[in-house]
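Chain residues, written in single-letter form:
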Amino acid sequence: MHDKPAVSTAPAVVHGPPTTFLSKHVFSLDHKVIGKQYYALALAAVLTGMVLSWLMRIHLGWNDLAIPGLQALSPNGAPSGVMTPEMYLRIMTMHATFMVFFVLTTAPFAAFGNFFLPIQVGAEDMPFPHFNMMSFWTTFVAFCVLVSAFFTTDGPPLSGWTAYAPLSAIGKDTGPGQGAGQIIWAAAIGIFCIGQLLGALNFISTVLDMRCKGMTLKRLPVTAWAWFITSCMGLTAFAVLMPACVLLILDHVAGTSFFIASGLVINDQLVPHSGGSTLLWQHLFWFFGHPEVYIAIVPGMGIITHVLITNMRRPMVSMKAILYSMWALAFLSYMVYGHHMFVSGMNPFSSLVFSFPTLMITIPSTVLVLIWIGSLYGSRIRINAASLFALGFISMFVTGGVSGFFLAQPSIDIMLHATYFVVGHFHMVMGVAAIFGIFSGTYFWFPKMTGRMMNDTLGKTHFWLTFVGTYCTFMPFHYLGWAANVRRYSAFTDDYLKPLIPLHQFITIAALFTGAVQLIFLYNLVHSLFRGAPAPANPWEGTSLEWAMPSPPPWNNFGGKDPVVYHDADQYGVKTASGTDYIMQDSPEPSPTGC
């Protein structure tokens, strides 16, 4: 990759201002509107996923409790409102699918990236605005297709968000939802992959071809780098998962045997398929699945780094080390996928091959954490909702990451893999940490996106209650794992599991509390959208280009002017002629650092 000369200019975008309601708010070509649409979709998905998680947790705490109205969702799966084991697995499948694909991928990458990436590189829009519009509506269709699985005769599938074969490949004989519901699930994920591929192509093209005069690669804000790295990962990862979903559908409807081996007997009947490999699906899925972890977390790393720099009022100890570490995470993420398959009968030599890079991938993660903590040392960080969630991100990432050391060892992972230990690990390092990044980005960029300020007191209250609630919810999962509490079990009939029921009840109460706390955020978001205090153009005194325009930005971002960049985005803690402690990227004032 070669850097664009500082004297080049970005090409103009061909579309004009919207002229109708549909072109402005629905089928918009404006990257900012598309970013807001992605955010709204992620918000709908996270509310859906949160309600489903509540249903699971209530059942785990009190197995025989009748949940009012649950029978309306599935009369066969919840007779008289009491959840059956099959219904539990179907709710688990949908909860995880909504959260992983439509929240953790959509919000930090597609929503914030769409809104701010073109602005941060000094472009009027993305190079392919029609593709950009198509990427959102394709993702929206995928969401609707997935929701439709609830309305099939047997309901959604019970094969989990990983959809392991042969359970997911044979059809309705393997359980409720494994017929039409499983096909709908595979179709939804395949459609989702198409939308993400369109978005990734646009993001990569924007960074490489749309930068304004003076915006060299070295001057890109860390968030722009994070979205660019994530796009490169997504371009490969989703290109593998999409054909895998097509092959899974063909096993259902076309009589093929890609994932169905010979000699399978179900309900005393020989399955009329042969020649496939049940492990082939795992190889394809996890070649996508482990990069997906970093597709969810790398944008959050960029966001919280950007937020911390702005609030510390000084650069990080080493921005180069941060960028190199994020690239290392992206590269190594494709080399460690096999650690998800230690229990599949993998050759011990292959297990060792995957175990070594799994330990290596902790090195760039550790470098990132050390730089964040080292940069915070001695700083007078401004405490607001955005910076608190950025600090919370680091805490969750470290806590969840430490448990990954255990799972990197095949001998230990074989004992822990099917337990709640793994559930606690990935919820903290991938789920909660990424969501804290989303919250941090929301509080930080809401003034720019809407022209109004969010209530910071409510934001701080939201942080502390969420921080305590998430630790109370997910830390005990690790103890359950050491106690051999098998995940995906909907009831605890074995004698050794019954003493763990009070802990499950505590987790359920903590989860309900944490979910209820999010109503504070929802109220703050909606109320501030309509009645929040008007936001100035640069409320946080930031340096990157999004703070050089009105709040909210006009449809063509810079009002038809071509911005010129003179500095990088880390010009804090400097003395200026105007008496401020920062220099904007587009300010011609000389920088003491010379960057």
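Look a little higher up for the structure.
Summarised in this report is the structure supplied together with it. (Residues numbered from 1 in each chain as written. Predicted model: local features only at pLDDT ≥ 70, side-chain atom pairs only at ≥ 80, totals over all residues. Heavy atoms only, no water.)

1. Here's the deal with unusual backbone geometry
It is generally the case that most residues other than glycine have a negative phi and that most peptide bonds are trans. A cis amide bond, omega 5 degrees, links Ala165 with the succeeding residue Pro166. Tracing the chain through its elements places Pro166 in the loop between helix 6 (129-148) and helix 7 (167-170). For the bond from Ser551 to Pro552, the omega torsion is -5 degrees, close enough to zero to count as cis. Tracing the sequence through the fold places Pro552 in the segment after helix 19 (501-531). Here the phi dihedral of Ser80 falls at roughly 60 degrees; this positive angle occurs in a residue that is not glycine. In the Ramachandran plot, Arg488 falls in the positive-phi region, its phi being about 75 degrees despite a non-glycine side chain. Inspection of the secondary structure puts Arg488 in the loop between helix 18 (456-482) and helix 19. (Helix = DSSP H or I, 4+ residues; strand = E, 2+ residues; numbered from the N terminus.)

2. Quick look at the packing of aromatic side chains
In this structure the tally under the stated criterion is 55 aromatic pairs. Taking the centre distance of 5.4 Å and the plane angle of 85 degrees together, the rings of Phe259 and Trp281 count as edge-to-face. Residue Phe259 is located in the loop between helix 9 (222-253) and strand 1 (265-266), and its partner Trp281 is located in helix 10 (residues 278-312); the two are separated by 22 residues in the primary sequence. Here Phe259 matches Trp281 in class, with each residue buried. Summarising the aromatic geometry, the rings of Phe389 and Phe436 are spaced 5.2 Å apart at their centres and angled 75 degrees between planes, so their arrangement reads as edge-to-face. Placement of Phe389 in helix 14 (residues 385-402) and of Phe436 in helix 17 (residues 420-450) is noted, with a sequence separation of 47 residues between them. You'll find Phe389 and Phe436 in the same group, each marked buried. Put simply, the rings of Phe98, Phe101, Phe102, Phe143, Trp161, Phe192, Phe238, Phe259, Trp281, Phe285, Trp286 and Phe288 pair up and form one aromatic cluster. (Phe/Tyr/Trp six-rings, centres within 6.5 Å; stacked < 30°, edge-to-face > 60°. Buried < 20%, exposed > 50% of the residue type's maximum accessible area, 1.4 Å probe, protein only.)

3. Quick word on the pattern of salt bridges
Under the defined criterion, the tally for this structure stands at six salt bridges. Here Asp581 makes a salt bridge to Arg313, at a shortest N to O gap of 2.9 Å. Here Asp581 is found in the segment after helix 19, whereas its partner Arg313 is found in the loop between helix 10 and helix 11 (319-332), with 268 residues between them in sequence. Classification of Asp581 as partly exposed rests on a relative accessible area of 26%. (Salt bridge = Lys/Arg side-chain N within 4 Å of Asp/Glu carboxyl O.)

4. Overview of the state of the cysteines
Scanning the model with the defined rule gives zero disulfides in all. Here Cys144 is not cross-linked by a disulfide; its sulfur's nearest cysteine counterpart is in Cys193, at 17 Å. (Disulfide = S-S within 2.5 Å.)

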